[in-house]
Structures are given as C-alpha cells and as structure tokens.
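# Chain and residue survey
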Amino acid sequence: MSSSPVTIPGASYARIRASAAEWLTRLEEQADPNLRDEFEQWCAADARHRAEFLRLQAAWRQGDRLARLRPLDGRVDADLLGVFNKDLLLGCRNDPRAKKSRQLAPTANTKPRETEREKKIVLLPGTRLAAIAEFLLTRAIFRRYVRPIIADMQDEYVECIARGERWRAHWVAVRGHFLVVPGWVYALVSRAVRKFFGA
Amino acid sequence: VPNPFSARTELLILSLLQNESADTYALALVKAAGGKLKRGTIYITLGRLEEKNLIEVVAVPHFRHTGLPRSQYRLTGLGRRVLAAADLTGLPTARGLAP
C-alpha cells in the first residue's frame, strides 16, 4: 500500500471509519517516522479522524483479549464482540486472507451480520449445572464434591475440542454430568446420616 | 467406625499425593493409580480426605478458557503424619505403583 488514505471533505462516517482502519493496519505494520507524520496530518484534517482512530484502536486491543478467551473450536461470541466486524477484530493477524480483507475493504461491512447461532452465548458444558448446584447446595458440598468434577470435565472437553475430537468432547460432557450425581448423593446422604446419629 | 475399604483407597491417594512434583489433579491421580482408582469415586474420596483435614485443595484458574477453576490437592501436615503411621504399621499404600 503505497498511497496514503485520502479523506474527501464532507466524507461520510463510513469513509472516515474505513480510513481509520487503514491507518491502524499501516501503523501496526510499519514503524516509519514519515508515515507517522502523514498520520498526524490526517488526524489534524478533521477532529473526527483521531476520534475514530482511537475508537478502532481500543476495539482492536480489546479484540486481542477476546481472541484469547474465545472457545477453541473457533466459534465466536457475538455478544462479546458488539457491533464490530468480527473479521477485523478476531481475524488472526498472521492469517493472509484476514490481512488482505482488512487492507482491501477494512470496514466494508460495518453492520453486524452474525447468524443466530453466532449470537447465542457460548457456554462450556456444566456451566448451568454448576450454577444450579451452587444455588441448591451448601458451599462446602459444592466446593468439595461438585466443582472439581465440573472443572475437570470442562478442561477435558476443551482439550478434546482443541484436538478436533468433537464426539469425544460430547462424551466427556455427558459423562461429567453423570459423575456429578454420585458426589451429590453421597454428600447429602452422609450429611443426613451424621445428623441422624448426632455426629 | 472407620470403613476399612475406604481407608485403603484414602491411603493410596495420600501416598500418591506425597510426590509433590507430580500433577495432583484428580484425573492425574486416577491415571497414576493405574486402575486402582476410579473416576466416579475419586472425587468423593478426595472430599472425604479434605473433611478429615488430611489434604488441602487449591483452586487453580484456567488460562485457556473461562471454565471453573480446577482443584489441585496437596497433603497437609496431618496427612503426612497419617501416611507415615500407615507406613510404619505396614498398611497398603501406593508403594510399588510408581514405575
């Protein structure tokens, strides 16, 4: 990309955003002082330029953090991403396709077009069960007999997904839910027995 | 009245936990026991050991995902003394399990 982004006077907000995204990409890739001067000139041309650039830069950094938190099977939590283009935020920086799309049309799609499936918040298996158990059981029983089972199940599940073993991951989730039951029953029965015998 | 069957399992877990350099998550203990511990019962036994103050639990948060923190188990001073006493009296522990 040899020419600097041009902003036409009275340009629309979408065009300013596109230019800001382009500047963001260029400044990340090059540490040229001349480029920095050009960027300052662009910022000085219109007060909205710097504002839009800073907003996109913050979103970009937030996107890096989100990328580390996203599920390993590649699904995207649209609620976490807000209205930003997920390719711009979550596209891997080393992925040439994502990079190319950012350079050519960085904000061509500013309107969110996530499907219903992507909009659904992605929860690890056992999250709801943990919430229910934490509500129903005492803190000690939950911490000793329920939380470790669910935590290990979630870790195994993520490992299976990372290895691409989707069916095994589902099996781990089902087995984990069934494993919680004996611990739960044991804790309740032993508690009742101790109460009965006054121990 | 102490249950002799559960006491054997408890001693096995205590002796596995004695090796502090090893991974001390519940599933790692199941693997280390070589089939003598079952996935379905180890959590109950570990919970019971914690109730008896023979082990302590440290919640280790994940860095790869947002799941619940995993529980890592460690021997307490009392647990070490119980294990030493079991060794002296010749009760079965995990000796011979390690490769």
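Now for a description of the structure that goes with this document.

The rules behind the values
- All chains use their own residue numbering, which begins from 1 and follows the written sequence.
- By the order in which they are written, chains take letters starting at A while ligands take numbers starting at 1.
- Where local features are concerned, this predicted model is filtered to residues with pLDDT of at least 70; where side-chain atom pairs are given and counted, the filter is 80 or more; whole-chain, interface and lining totals use all residues.
- Just so you know, side-chain values use all the structure's heavy atoms and leave hydrogens and water out.
- Residue contacts follow a heavy-atom distance rule, with two residues in contact if any of their heavy atoms lie within 4.5 Å.
- As a working definition, buried area equals the accessible area (1.4 Å probe) given up by two parts on being put together, with both sides summed.
- The term salt bridge refers to a side-chain nitrogen of Lys or Arg lying within 4 Å of a carboxyl oxygen of Asp or Glu.
- The term polar contact refers here to a pair of N or O atoms within 3.5 Å; inside protein, the definition further demands a hydrogen-donor-capable atom paired with an acceptor-capable atom, and it admits residues adjacent in sequence only when both atoms are side-chain atoms.
- Where helices and strands are cited, they refer to DSSP runs of H or I of at least four residues and of E of at least two residues respectively, numbered from the N terminus.
- Residues are grouped as follows: Ala, Val, Leu, Ile, Met, Phe, Trp, Tyr, Cys and Pro are nonpolar; Asp, Glu, Lys and Arg are charged; every other residue, Gly included, is polar.
- Buried residues of nine kinds, namely Ala, Val, Leu, Ile, Met, Phe, Trp, Tyr and Cys, make up a nonpolar core once their side-chain atoms join them within 4.5 Å.
- Between buried and exposed lies partly exposed: a residue is buried under 20% and exposed over 50% of the maximum accessible area for its type, with that area taken using a 1.4 Å probe on protein chains only.
- Here the expected span of a helix is defined as 1.5 Å times the quantity of residues minus one.
- Helix axes are fitted to C-alpha atoms over the stretch in contact, other axes to C-alpha atoms as well, and angles between N-to-C directions run from 0 to 180 degrees.
- Orientation categories follow fixed angle ranges, with anything under 35 degrees roughly parallel, anything over 145 roughly antiparallel, 65 to 115 roughly perpendicular, and all other angles oblique.
- Two helices cross in a left-handed way if the nearer one is turned anticlockwise from the farther one by less than a right angle. They cross in a right-handed way if the turn is clockwise.
- Each Phe, Tyr or Trp ring (for Trp, its six-membered ring) is paired with any other whose centre lies within 6.5 Å, and the angle between the two planes then decides the class: stacked below 30 degrees, edge-to-face above 60, tilted in between.

### What to know about the interface of chain A and chain B
Residue-level contacts link 24 residues of chain A with 22 residues of chain B. The largest contributions to the chain A side of the interface with chain B come from Arg144, Arg147 and Asp152 of chain A, which together make up 25% of the buried area. At the junction of chain A with chain B, the criterion picks out six salt bridges. Inspection of the chain A/chain B interface yields eight residue pairs in polar contact (both at pLDDT 80 or more). Elements that contribute at least two residues to the side of chain A that touches chain B include exactly helix H3 (47-69), helix H9 (139-162) and helix H10 (166-197) of chain A. If you tally residues by element for the side of chain A that touches chain B, the top one is H9 of chain A, at 14 residues. Partitioning the side of chain A that touches chain B into residue classes produces twelve nonpolar, two polar and ten charged.

### Topic: the nonpolar core
Within the largest apolar cluster, 45 residues are counted, with the highest numbers of intra-cluster contacts made by Tyr157 of chain A together with Ile13, Leu14, Ile42, Leu46 and Ile55 of chain B. Put simply, the parts of the chain that give this core at least two residues each are helix H8 (127-136), H9 and H10 of chain A together with helix H1 (4-17), helix H2 (26-32), helix H3 (39-51), strand E2 (70-75) and helix H4 (77-89) of chain B. Looking at which element gives the most residues to this core, the answer is H9 of chain A, with eleven residues. Core analysis: the second largest hydrophobic core is formed by twelve residues, Ala20, Leu35, Phe39 and Trp60 of chain A among them.

### Describing the side chain of Ser71 of chain B
Note that Ser71 of chain B resides in strand E2. Among the residues examined, Ser71 of chain B registers a relative accessible area of 2% and is labelled buried. What Ser71 of chain B contacts, discounting residues up to four positions off in sequence, is Arg147 and Pro148 of chain A together with Thr24, Tyr25, Ala26, Val57 and Val58 of chain B.

### A closer look at H3 of chain B
All names here are of chain B. Look at H3: 19 Å from first C-alpha to last across 13 residues, which is about the 18 Å you get at 1.5 Å a residue. Looking only at H3, the buried set comprises Ile42, Tyr43, Ile44, Thr45, Leu46, Gly47, Arg48, Leu49 and Glu50. Following H3 by one or two positions, Asn53 adopts a phi angle in the positive range, close to 65°.

### Re the packing of H10 of chain A against H3 of chain B
As a packed pair, H10 of chain A and H3 of chain B sit with axes 9 Å apart at the nearest point and diverge in direction by 40°. Here H10 of chain A is positioned oblique relative to H3 of chain B, judged by the angle of their axes. The chirality of how H10 of chain A crosses H3 of chain B is right-handed. Every residue of H3 of chain B that contacts H10 of chain A at Arg175, Leu179, Pro182, Gly183, Tyr186 and Arg194 of chain A is listed here: Arg39, Gly40, Ile44, Arg48 and Glu51 of chain B.

### What about the environment of Val174 of chain A?
By the secondary structure assignment, Val174 of chain A is in helix H10. Considered as a pair, Val174 of chain A and Met153 of chain A are 21 residues apart in the sequence and their alpha carbons are 9.3 Å apart.

### A word on the packing of aromatic side chains
All names here are of chain A. Under the counting rule described, the total for this entry stands at four aromatic pairs over all chains. An angle of 55° between the planes, with centres 4.5 Å apart, marks the rings of Phe39 and Phe53 as tilted. With Phe39 in helix H2 (residues 33-45) and Phe53 in helix H3, the pair connects residues that are 14 residues apart, well separated along the chain. The class of Phe39 is buried, set by a relative accessible area of 1%.

### Concerning the environment of Phe39 of chain A
For the pair Phe39 of chain A and Leu27 of chain A, spaced twelve residues apart in sequence, the C-alpha separation works out to 8.6 Å. Ignoring sequence-local partners within four residues, the contact set of Phe39 of chain A consists of Trp23, Leu27 and Phe53 of chain A.

### Observations regarding unusual backbone geometry
One non-glycine residue with positive phi stands out, namely Asn53 of chain B, at about 65°. Structurally, the position occupied by Asn53 of chain B is in the loop between H3 and strand E1 (55-60).

Don't take any of this as a statement about function, it's just geometry.
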